[in-house]
Amino acid sequence: MAQETNVKQIPKDEETEELANLPEELETEEGVKEQAPEEAVQEAKPKKKKKDEEIVEERFYTIPLSKALVRPPKKRAPRAMQLIKIFVTKHMKLTIKVSEEEEEEELPQLVISKEVNEKVWDRGIEKPPRKIKTRVTKDKDGNVTVYLAETQ
């Protein structure tokens, strides 16, 4: 039942020689020149550097999450995430969309990093931590990002 595929195995030496012999610019059927894959990757890297924009403000907070324990056990970790959003919105003076007229303008965003999310959900949905130490940064556009504070 399993279908066999014919795969030609090339020794690594020959494979690296083939990659080294690739032309700098590739031509498509239409005669339009495209860049080689290596150059495309190099152009994508500066975009990531733009993502690390200038930090205008940076603060360290210990956010209490004990209010999450008031909820039923299966709703505690989501409530802890809500408490983090509420705390940061309040303390970093993040503006929230009030009316539909303001939708056209770009409002500052609140981004919670993956590390903070994993820390809250580490022990499961029923047992989030009582408090969490965070590093909160605000960039020049007003976007706020929450990171886990590095323990030293």
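Structure first, text after, so check above.
The shown structure was predicted, so the numbers you read here are calculated from the model rather than taken from an experiment. (Residues numbered from 1 in each chain as written. Predicted model: local features only at pLDDT ≥ 70, side-chain atom pairs only at ≥ 80, totals over all residues. Heavy atoms only, no water.)

J.: Quick question: what am I supposed to make of the sheet that holds strand β4 (residues 110-112) here?
T.: Sheet strands associate in pairs through backbone hydrogen bonding, adopting either a parallel or an antiparallel arrangement. Across the sheet, which stays open at both edges, the four strands sit in the order β3-β5-β6-β4 with mixed pairing between neighbours. Two strands in the sheet have a free side with no partner beyond their single neighbour: β3 (55-64) and β4. Between one strand axis and the next, the sheet turns by 25° as a mean value, whatever way the strands run. As paired strands, strand β5 (residues 131-139) and strand β6 (residues 144-148) are joined by five bridges and run antiparallel to one another. When the bridges of β6 are listed, Val136 appears paired with Val146. Those strands touched by helix α3 (residues 76-91) are β3, β4, β5 and β6, and its axis lies near 135° from that of β3. Here helix α4 (residues 114-121) sits on the sheet in contact with β4, β5 and β6, set at roughly 55° to β6. (Pairing = 2+ DSSP bridges. Helix = DSSP H or I, 4+ residues; strand = E, 2+ residues; numbered from the N terminus. Axes fitted to C-alpha atoms, helices over the stretch in contact; angles between N-to-C directions. Contact = heavy atoms within 4.5 Å.)

J.: Sorry if this is basic, but what is going on with the side chain of Thr145 here?
T.: Within the secondary structure, Thr145 sits in strand β6. Dropping the residues within four chain positions of it, Thr145 is found in contact with Val111, Arg135, Val136 and Thr137.

J.: Even after reading the chapter, I still don't get the packing of aromatic side chains, so can you show me in this structure?
T.: How two aromatic rings sit relative to each other is given by the distance of their centres and the angle of their planes. With the rule as written, the count across this model stands at one aromatic pair. Ring plane angle 80° and centroid distance 5.3 Å describe the contact between Tyr61 and Phe87, whose orientation is recorded as edge-to-face. Placement of the pair is Tyr61 in strand β3 and Phe87 in helix α3, with a sequence separation of 26 residues. (Phe/Tyr/Trp six-rings, centres within 6.5 Å; stacked < 30°, edge-to-face > 60°.)

J.: How do you make sense of the packing of α3 against α4 when you look at a structure like this?
T.: The relative placement of two packed helices comes down to the angle between their axes together with the axis-to-axis distance. Between α3 and α4, the shortest axis-to-axis distance is 9 Å and the interhelical angle comes to 140°. Our classification of the angle between α3 and α4 gives oblique. At the point where α3 passes α4, the crossing takes the right-handed sense. Residues Ala77, Pro78, Ala80, Met81 and Ile84 of α3 pack against Val116, Asn117, Val120 and Trp121 of α4. Split into classes, the residues belonging to the contact of α3 with α4 amount to eight nonpolar, one polar and no charged. (Parallel < 35°, antiparallel > 145°, perpendicular 65-115°, else oblique. Left-handed = near helix turned anticlockwise from the far one by under 90°. Nonpolar A, V, L, I, M, F, W, Y, C, P; charged D, E, K, R; others polar.)

J.: What's the story with the nonpolar core in this structure? I'm lost.
T.: One broad rule of soluble globular proteins: the nonpolar side chains tend to lie buried together. By size, the foremost hydrophobic cluster in this structure holds 20 residues, and its most contacted members are Ile63, Leu65, Ile84, Val88, Val120, Ile132 and Val136. Looking at this core, the elements that each hand over two or more residues are β3, α3, α4, β5 and β6. In terms of residues, this core owes the most to one element, α3, which gives seven residues. With sequence-adjacent residues up to four places away left out, Val88 is seen in contact with Ile63, Lys93, Leu110, Val136, Val144 and Val146. (Core = buried A, V, L, I, M, F, W, Y, C linked by side-chain atoms within 4.5 Å. Buried < 20%, exposed > 50% of the residue type's maximum accessible area, 1.4 Å probe, protein only.)

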